Every structure is written in C-alpha cells, then in structure tokens.
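Examination of the molecular architecture
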Amino acid sequence: MTRLTKIILALTLSFSCAFCCIGYATVTDNLDITGTAEVPLQEGVFIIRTDLVDSLDINESNTSVNRAFGTTMDSTVELSDNNGSSYATFKVTFFNNSSESYFFDKVEYLTEVYDNEDIVFEVDPKGYFIDARKYQTIYITFKYDGGKTAAKSILNSSLNFSFIQHTATTAAVIEGNSADNLNSIYDGRTNYDGGNTQNRWTNWTSTTAGRGEIATINIIFEEAATIDTVKLFHFIDANQNANRYGSCDFPSSVKIYYYAEDTETGSGEYVELTGLTLTKNYSNEKRRSGDGVYQMTITDDSGKSSSVTFTHNYKSTPPISSYELANAVTTRGIRVEIDPKDNFFVGLMELQVLDENGDNVLTN
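Residues numbered from 1 in each chain as written. Predicted model: local features only at pLDDT ≥ 70, side-chain atom pairs only at ≥ 80, totals over all residues. Heavy atoms only, no water.

**What about the pattern of salt bridges?**
Evaluation of the coordinates by the stated rule reveals 12 salt bridges. As a salt-bridge pair, Arg288 and Asp291 come within 2.6 Å of each other at their nearest N and O atoms. Residue Arg288 is classed as partly exposed on the basis of its relative accessible area of 29%. Through salt bridges with shared partners, a single network forms among Asp131, Glu261 and Arg332. (Salt bridge = Lys/Arg side-chain N within 4 Å of Asp/Glu carboxyl O. Buried < 20%, exposed > 50% of the residue type's maximum accessible area, 1.4 Å probe, protein only.)

Now the structure itself:
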C-alpha cells in the first residue's frame with residue numbers, strides 16, 4: 001500500500017445520473033392512506049446548488065442554469081451585444097456523499113454541446129479537495145473571448161466538473177498534451193533510455209499542436225507529505241530539421257506550486273514556491289551539427305564528470321534539474337508547471353519528490 005493516490009489521465013466526460021428528491025405523500029378521495037416513495041441521494045460528488053452571484057450588463061431573464069445533474073451543469077448565458085466587458089458569474093456548490101476524498105481536476109465539455117466559441121469561461125475553485133460528507137464551492141464566469149463582442153451573444157453549454165477520487169496508489173494528472181507513458185515518471189527507473197517510449201513521458205505530438213505550450217503535472221497525495229526537493233530527470237532527443245523545431249528539449253522555465261489549505265474551512269489554493277535553489281548535474285549542453293543530437297557534460301552521483309552524447313543507445317545518468325525549497329512544506333498536493341522553449345516539447349524520464357530526509361514520496 002503506497003502513500004499516494006492513483007494516476008488518472010482520462011480526458012472523457014463522466015456524466016452522472018440525475019439526483020432526485022426526498023419523498024412525497026398522497027391522499028385519495030376514498031381512502032385515508034398515506035405513502036412515501038424515496039429515491040436515494042446520489043453517491044459521490046454532485047452539484048446541490050447553483051446561484052447567479054455576479055454579472056455585468058447581461059440579459060438576466062435569459063441567463064440561468066437550466067439543469068444540474070451529477071457534476072454536469074447545463075446553462076444558458078446571454079451577454080450584452082454591445083459591451084465586450086459583459087460577464088456572468090455562477091456559484092456552484094458541490095457535496096461529497098461518500099466516505100472518500102476527491103480532488104477537483106478541471107471542467108470538460110464536448111464542442112457539440114457548447115454552441116458559441118466567442119464566449120469563454122474561467123473557473124475559480126475555492127478549494128480543490130472535497131473530503132467525505134463535505135461541501136465545496138467553485139465559481140465559474142462566462143465572458144467574451146478577448147473582451148470583444150461577437151455576432152452571437154448567447155451561449156448554451158453543458159459543462160462537466162471533473163473530480164478525481166483518492167485511492168491508495170500514486171496519482172499524477174496532466175494538463176496539456178500527454179504522450180508515451182506517464183507511469184514511467186514515478187517507476188523508480190532513473191537511467192536514461194531514449195530508445196523506449198514506455199520508459200519516458202513527453203507532451204510531444206506528431207503535429208504542431210501543443211508545441212511550445214506549458215505542460216502541468218498535478219501530483220496528489222493520499223496523506224499530507226512534507227516536500228523539500230523536486231527533481232526532474234529530463235528526456236531530450238535529436239532533431240535533424242534545419243531549425244531543430246519540434247523535438248523534446250530542456251524547459252525554458254519551471255514553476256512549482258504547493259496546495260495551501262485552511263483546515264477549518266476547507267478552502268485552499270495553489271501557491272507558487274519562491275526562492276528555489278536550482279542545481280544541475282549537466283553543463284555545456286549543445287546540439288551536434290548535422291543530426292541535432294545533444295552533447296553535454298554529465299556528473300553522476302559519485303561526482304564523476306563525463307562527456308555524453310544522447311543517442312538512442314545511451315542508457316545511463318540523464319540530465320537532472322534539482323529544485324530545493326527554501327523551507328520544506330507539508331501539503332496534500334503539488335503542481336509542477338513546465339514551460340517548453342518556443343516551438344519545442346518537453347519530456348521526463350523520472351520525477352522525484354523528496355522529503356526532508358531525502359526519501360522519494362512519489363512512488364508506485
């Protein structure tokens with residue numbers, strides 16, 4: 001039994017059955033018989049209330065939640081046809097009718113049930129975790145994309161609020177493209193293996209989609225863990241294109257956040273860790289002319305430095321970036337935001353989250 005929660009990387013919607021009623025009573029003309037019929041309250045996380053709490057220059061008579069069932073909200077919003085700053089904000093309250101904890105992941109929808117791409121939404125969770133028999137609130141704001149009015153001012157949509165259930169295994173959730181094998185980043189194998197896609201994770205795509213876009217890894221802990229250092233074991237590959245675009249390269253930057261929670265209210269937010277100390281086991285990195293293969297100096301755990309060429313046959317110490325926190329933090333989750341270089345992707349052989357004793361708390 002491990003200390004972390006199970007990986008969930010699903011991008012499909014999970015539409016739940018409708019929650020209903022508590023009961024009713026009836027009396028006939030001829031018989032004084034009273035009866036009740038009950039439908040059990042839905043299990044798991046579901047919406048119990050929606051309220052329009054803030055707006056600017058909207059048509060309120062045509063702005064409402066038409067139906068809420070499970071974690072899905074069907075709504076209609078009519079913004080101003082001449083004010084690009086028009087918006088409508090709903091407060092959505094959830095209840096967790098289970099004995100497990102859940103984690104809010106994202107809002108998903110199908111384009112077929114979102115009929116106006118000129119109106120977008122922003123989500124503001126007042127806490128990401130919803131524990132057993134507890135409530136959680138998420139604010140969602142609909143507004144014009146770019147603050148400019150469009151030919152159509154009405155949006156009909158069906159949005160699903162995706163929650164992840166805690167279990168007894170590891171969990172890492174990706175925001176952005178994900179390819180190869182996400183499980184590999186916490187399988188304990190730290191050596192470089194450029195020839196096997198099952199031994200690495202990347203956000204690579206065969207098209208330009210997602211190139212240069214941020215990839216975020218959310219790591220959720222079954223129990224609060226103390227974090228002191230985060231280590232990224234990089235995957236980089238060759239590129240024979242003249243401009244070298246489209247391959248996996250080192251990140252342009254990395255940001256790390258931890259989940260800060262008010263234990264009394266259950267509200268919480270991700271806070272960026274500042275004052276991180278970055279150390280690398282590699283230097284003098286550059287791509288070889290002709291085939292774009294990376295060459296650099298690698299220093300292994302014993303302190304020995306060697307000149308390394310990262311071909312498919314190389315299977316030893318990878319380039320590693322270590323981010324040491326100014327002060328250790330105890331948290332239920334961290335978020336690692338990896339920003340690629342322009343027109344490149346990123347990849348990892350392994351990701352380690354170390355406690356104050358140097359032990360890796362991210363394990364299978």
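**Topic: the sheet that holds strand S1 (residues 44–56)**
Pairing is antiparallel in the open sheet, where 4 strands are placed in the order S1-S4-S8-S6. The sheet is open, and its two borders are formed by S1 and strand S6 (119–125), each paired with just one other strand. The sheet shows a mean angle of 25° between the axes of neighbouring strands, taken without regard to direction. Relative to strand S4 (residues 87–97), S1 is paired through 11 bridges, and the arrangement is antiparallel. Across the sheet, residue Leu56 finds its bridge partner in S4, namely Tyr87. (Pairing = 2+ DSSP bridges. Helix = DSSP H or I, 4+ residues; strand = E, 2+ residues; numbered from the N terminus. Axes fitted to C-alpha atoms, helices over the stretch in contact; angles between N-to-C directions.)

**What to know about the pairing of strand S2 (residues 64–69)**
Where S2 meets strand S3 (residues 72–78), 5 bridges bridge the pair, whose relative direction is antiparallel. The residue of S3 that forms the bridge with Val65 is Ser75. Between S2 and the antiparallel strand that follows it, S3, lie 2 residues; Gly70 among them carries a positive phi value of about 60°.

**Section: the packing of aromatic side chains**
Within the structure shown, the criterion is met by 24 aromatic pairs. Relative to Phe121, the ring of Tyr109 has its centre 6.0 Å away and its plane inclined at 70°; by these criteria the two rings are edge-to-face. One end of the pair, Tyr109, is in the loop between strand S5 (102–108) and S6; the other, Phe121, is in strand S6, with 12 residues separating them in the sequence. Ring geometry for Tyr192 against Tyr314: centres 5.9 Å apart, planes inclined by 50°, an arrangement best described as tilted. Of this pair, Tyr192 sits in the loop between strand S11 (179–180) and strand S12 (201–202) while Tyr314 sits in the loop between strand S19 (305–309) and strand S20 (320–340), and the two are 122 residues apart along the sequence. Each member of the pair Tyr192 and Tyr314 is classed as buried. The side chain of Arg67 reaches across the aromatic face of Phe69, ending 4.3 Å from its centre. (Phe/Tyr/Trp six-rings, centres within 6.5 Å; stacked < 30°, edge-to-face > 60°. Lys NZ or Arg CZ within 6 Å of the ring centre and 35° of its normal.)

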